[in-house]
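Structural overview for review
What follows is the residue order along each chain.
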Amino acid sequence: MNESGRAASRTAVLVCQGRAAADGTAAVGRFADPVAVRLLRDAERVPVDEVRAGTPPKDWRARMTYESVRACVEVAVPRTLAIDDALRSGTTGQLVILGAGLDTRAWRLPDLAGTDVWEVDHPASQQDKRDRLAEAAAIAELPSAARSVRFTPVDFAVDDLGAALDAAGHAPSEPTTWLWEGVIPYLTRAEVRATLATLAGRTAPGSTLVVNYQTPSAKASVGRLLTRLLGSSVTSGEPWRSLWKPGQLAALFAEHGWSVVSDDSLLSLADSLGSPARGRASLRSGRVAVAKAAPRT
Ligand SMILES: C[S@@+](CC[C@H](N)C(=O)[O-])C[C@H]1O[C@@H](n2cnc3c(N)ncnc32)[C@H](O)[C@@H]1O
């Protein structure tokens, strides 16, 4: 818990567990995230190892965690691969990761060797990540794959994102690749709009915006509610605040100078990869969209 009274994101840990469990077990030959497990603490690695081995625990509470991590593998694989592909084809000298959580790209993607990375996140989550990075580096070297990594603490609900990026050396006049993965659902519609308005003032031609968001889905919402009622506290402190239909998001992006060039459901991405897709409703409601900065007139 930091001074703002908010604890570090637990959903960020869950997504990291999903990537760690997927490494070497799902979409083998395409998906790899060997850094994810290094950011996890011992207790967090237990369900990861169980999912990797396919051995669910008997205790029902442990089983709930197991199922959350297993479901997260299904989400993490298509989402990570689609985003990595988009970053590769839209690489610029600047990558800003909004709501970075335990994102490992700055330590994992050689394509970022010529890119400065700004990891923007809620202060409590960012401190937690920095602690984890220090613990991992104390065990074995964890070199950055990016040209630089700059930690930029920002609470999108209260802080001035533009001022924080200015202070951290982001250059608004240079092209930027913006990544917003798994964060939009946790923000209100007003916070999403305000963030896009800030980006609009810092987006040079040649910039790319890559987002992962959730569409409204009665089935996925019921599943989430059930998980919470059955006692999984992972998602209870981080409720979903905004869900967007693809057309609504494309219209909002257009208002802020972005033109959507692709927008795929995680289900179609998983099916084309042949990665596991038992939770079809959940995969159908998650999407990855890529937008390009519309030329200034
Ligand atoms: C589900 S995690 C996703 C993390 C990472 N992008 C990934 O996909 O692995 C959600 C992230 O959003 C961040 N977040 C949620 N609300 C935020 C806010 N108001 N300000 C800054 N970050 C926020 C959390 O700190 C957390 O890192």
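Below you will find a few notes about this structure. (Residues numbered from 1 in each chain as written. Predicted model: local features only at pLDDT ≥ 70, side-chain atom pairs only at ≥ 80, totals over all residues. Heavy atoms only, no water.)

1. Quick notes on the overall build of the protein
Here is the rule: Helix and strand labels come from DSSP, where a helix needs a run of H or I of at least four residues and a strand needs a run of E of at least two; each type is numbered from the N terminus. This radius of gyration counts C-alpha atoms alone. The globule rule is 2.2 Å times how many residues there are, raised to the power 0.38. Relative accessibility under 20% of the residue-type maximum defines a buried residue, over 50% an exposed one, and the middle range a partly exposed one, all with a 1.4 Å probe and only protein chains included. In what follows, a contact means two residues having at least one pair of non-hydrogen atoms within 4.5 Å.
In terms of helices and strands, the protein carries 11 helices and 7 strands. Its C-alpha radius of gyration of 18 Å places the protein within 12% of the 19 Å reference for a compact globule of 297 residues. Seen through its C-alpha atoms, the protein measures out along the principal axes to roughly 60 × 45 × 40 Å. In the protein, buried positions account for 53% of the 297 residues. The long-range fraction of contacts in the protein, counting pairs at least 24 apart against all pairs at least 6 apart in sequence, stands at 76%.

2. Re the pattern of salt bridges
We count it as follows: Here, a salt bridge means any Lys or Arg side-chain nitrogen found within 4 Å of an Asp or Glu carboxyl oxygen.
Under the definition given, this model contains 24 salt bridges. Taking the shortest distance from any N to any O, the salt bridge between Arg202 and Asp166 comes out at 2.9 Å. Residue Arg202 is located in the loop between α7 (189-200) and β5 (208-214), and its partner Asp166 is located in helix α6 (residues 161-167); the two are separated by 36 residues in the primary sequence. In this structure, Glu255 and Arg193 form a salt bridge, with 3.6 Å as the shortest nitrogen-oxygen distance. With Glu255 in helix α9 (residues 246-255) and Arg193 in helix α7, this residue pair connects regions lying 62 residues apart in the sequence. Take Glu255: its relative accessible area is 57%, and that puts it in the exposed class. Salt bridges linked by common partners bring Arg19, Asp33, Arg79, Asp84, Asp103, Arg105, Arg108 and Glu181 together as one network.

3. As for the side chain of Thr104
Take Thr104: it is sitting in the loop between β1 (94-98) and α4 (105-108). By relative accessible area, which is 1% here, Thr104 ends up buried. In contact with Thr104, other than residues within four places in its own chain, are Arg19, Asp33, Val35, Ala36 and Leu39.

4. A short note on the pairing of strand β3 (residues 148-153)
As a reminder, the rule being used: Here, a strand pair is defined by DSSP locating no fewer than two bridges between the strands.
Bridging between strand β2 (residues 116-121) and β3 involves 6 bridges; their strand directions are parallel. By the bridge assignment, Trp118 is partnered in β3 with Arg150.

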